[in-house]
Amino acid sequence: MSEPPSTLITGIGELVTNDGEPNDGKPIDGKPNDGQQGAFAALTGAALVIADGRVAWTGPAARAPAADAVVDAAGRAVLPGFADSHAHLVFAGERSAEFAARMAGRPYRAGGILVTVEATRAASDAALRANLRRLGAEMLRQGTTTFECKSGYGLTVPDEARALALAAEVTPEVTYLGAHVVAPEFAADPAGYVDLVCGPMLEACAPSARWVDVFCEDGAFGADEAAAILAAGRAAGLQARVHANQLGPGPGVRVAAEAGAASADHCTFLTDADVDALVSTPVVATLLPGAEFGTRQPFPDARRLLDAGATVALATDCNPGSSFTSSMAFCIALAVREMRMTTEEAVWAATAGGARALRRTDIGHLGVGARADLILLDAPSHAYLAYRPGVPQVAAVWQAGRLVAGAPAAGRESPG
Ligand SMILES: [Zn+2]
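Residues numbered from 1 in each chain as written. Predicted model: local features only at pLDDT ≥ 70, side-chain atom pairs only at ≥ 80, totals over all residues. Heavy atoms only, no water.

J.: Go over the pattern of salt bridges, please, and point to the residues and values.
T.: Across all of its chains, the model carries 21 salt bridges by this definition. Put simply, glutamate 148 and arginine 241 hold a salt bridge, and the shortest N to O gap is 3.8 Å. Of the two residues, glutamate 148 is situated in the loop between strand 7 (144-147) and strand 8 (149-150) and arginine 241 in strand 11 (residues 239-244); the sequence distance between them amounts to 93 residues. Across the pair glutamate 173 and arginine 210 runs a salt bridge whose closest N-O atoms are separated by 2.8 Å. (Salt bridge = Lys/Arg side-chain N within 4 Å of Asp/Glu carboxyl O. Helix = DSSP H or I, 4+ residues; strand = E, 2+ residues; numbered from the N terminus.)

Printed below as a string of structure tokens:
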């Protein structure tokens, strides 16, 4: 039996592995070792071997084994692919006028999620699929090798079910968010809508989904409703995640902790008890600074969470209303500049943190055995992601060992 072809990437100026002590990078029971302990870690003058879609070896370039193909990183940095654990990509239409009015401080009456709901319901499958695939490709080119995708702009049984079926075509991280807002048809009967979300809608959606999510906020769903929706989802085999504490203090983080959720997302307004809950449970605090940027709100207090010992992830919240960015690099730059995360913390949160928020051990790090999802930066270190904000710096992207975007040749150094 012949071995699958292998690739050696050598001359890596900085190789971010997220495989820090005490993780030794060895597979555990034949499974990739990601580590639960894998802190930010980086090697200089490094090399990495890809074989069979996985990381087969990392270490000093001088000691690298031979491989079928060789890529010279020419002193540039290699990072794990970004894991964007929060995105709303199944939608139609756009809301740039609403954004422009908000930035200008002008009232804008015809805005909001229901505008997107109306456009999404009216769109064909083909139009929704094309928009979703365009955004997925845009993410991949920018180094996002795993993304989560939610429903939530259908709010009827058939519209939610088709959103999730479309999402499942492009990612395994599919999230049922029938509980985004109360559907307009149920404005006078929110309890009836919760029954629908927990009943026929869930039944139609669960086969396409891995996760159940709820927007737990004033004006959306309260603590009891959110807990009921998450419990129904769990009974249907879905794991929980929660939109929590975005617009003000509220029960979202507590509900997430009590439901055993993988992640509480936003975490912009937290009490001390919320921070305690995030520290004392495995719930990841996923921060979405694109949303605060897009709505000109105060950023979440990342330092408070990190200093208390919470696990923090960064994600884009890509959606047409509050955060229409697909750029994890932009979120890293915001996190460093506006939220006082170190460059190491921000890059870890955008890679290993996102993996943790998706309960994935095979991505978010480049330990031996990890899926070979990696980015070659056109820069010597991870810090450039924040140091040169707004500049495209992803030279090449590998997904499961396959070159899927860009070109690894160091054009400037070796013309022709
Ligand atoms: Zn969201």
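J.: Any details on the coordination of the zinc ion? Residues and values, ideally.
T.: Distances from the zinc ion to its protein donors, namely His86 (NE2), His88 (NE2), His243 (NE2) and Asp317 (OD), fall within the range 2.0 to 2.6 Å. For the zinc ion, the four donor atoms are set out with angles of 81 to 167 degrees between them, so the coordination reads as irregular. (Donors = N, O, S within 2.8 Å, 3.2 Å for Na, K, Ca; no water. Tetrahedral: all angles 85-135°; square planar, octahedral: opposite > 155°, others 65-115°.)

J.: So what about the environment of proline 4? Which residues, and what values?
T.: Structurally, proline 4 can be placed in the segment before strand 1 (6-16). Separated by 93 residues in sequence, proline 4 and alanine 97 place their C-alpha atoms 51 Å apart. With residues near it in sequence (within four places) discarded, proline 4 still touches Asp52 and Asp68. (Contact = heavy atoms within 4.5 Å.)

J.: Residue-level account of the packing of aromatic side chains, with values.
T.: Where two aromatic rings form a pair, the distance of their centres and the angle of their planes describe that pair. Throughout the structure, instances matching the rule amount to six aromatic pairs. Judged by centre distance (5.0 Å) and plane angle (85 degrees), the ring pair of tyrosine 384 and tyrosine 387 falls under edge-to-face. Residue tyrosine 384 and its partner tyrosine 387 are both found in helix 14 (residues 384-387); the two are separated by three residues, about one turn of the helix. Owing to a relative accessible area of 60%, tyrosine 387 belongs among the exposed residues under this scheme. Taken together through their ring pairs, the aromatic side chains of Phe91, Tyr153 and Phe324 make up a single cluster. Cation over ring: arginine 241 sits above tryptophan 211, and NZ or CZ is 4.4 Å from the ring centre. (Phe/Tyr/Trp six-rings, centres within 6.5 Å; stacked < 30°, edge-to-face > 60°. Buried < 20%, exposed > 50% of the residue type's maximum accessible area, 1.4 Å probe, protein only. Lys NZ or Arg CZ within 6 Å of the ring centre and 35° of its normal.)

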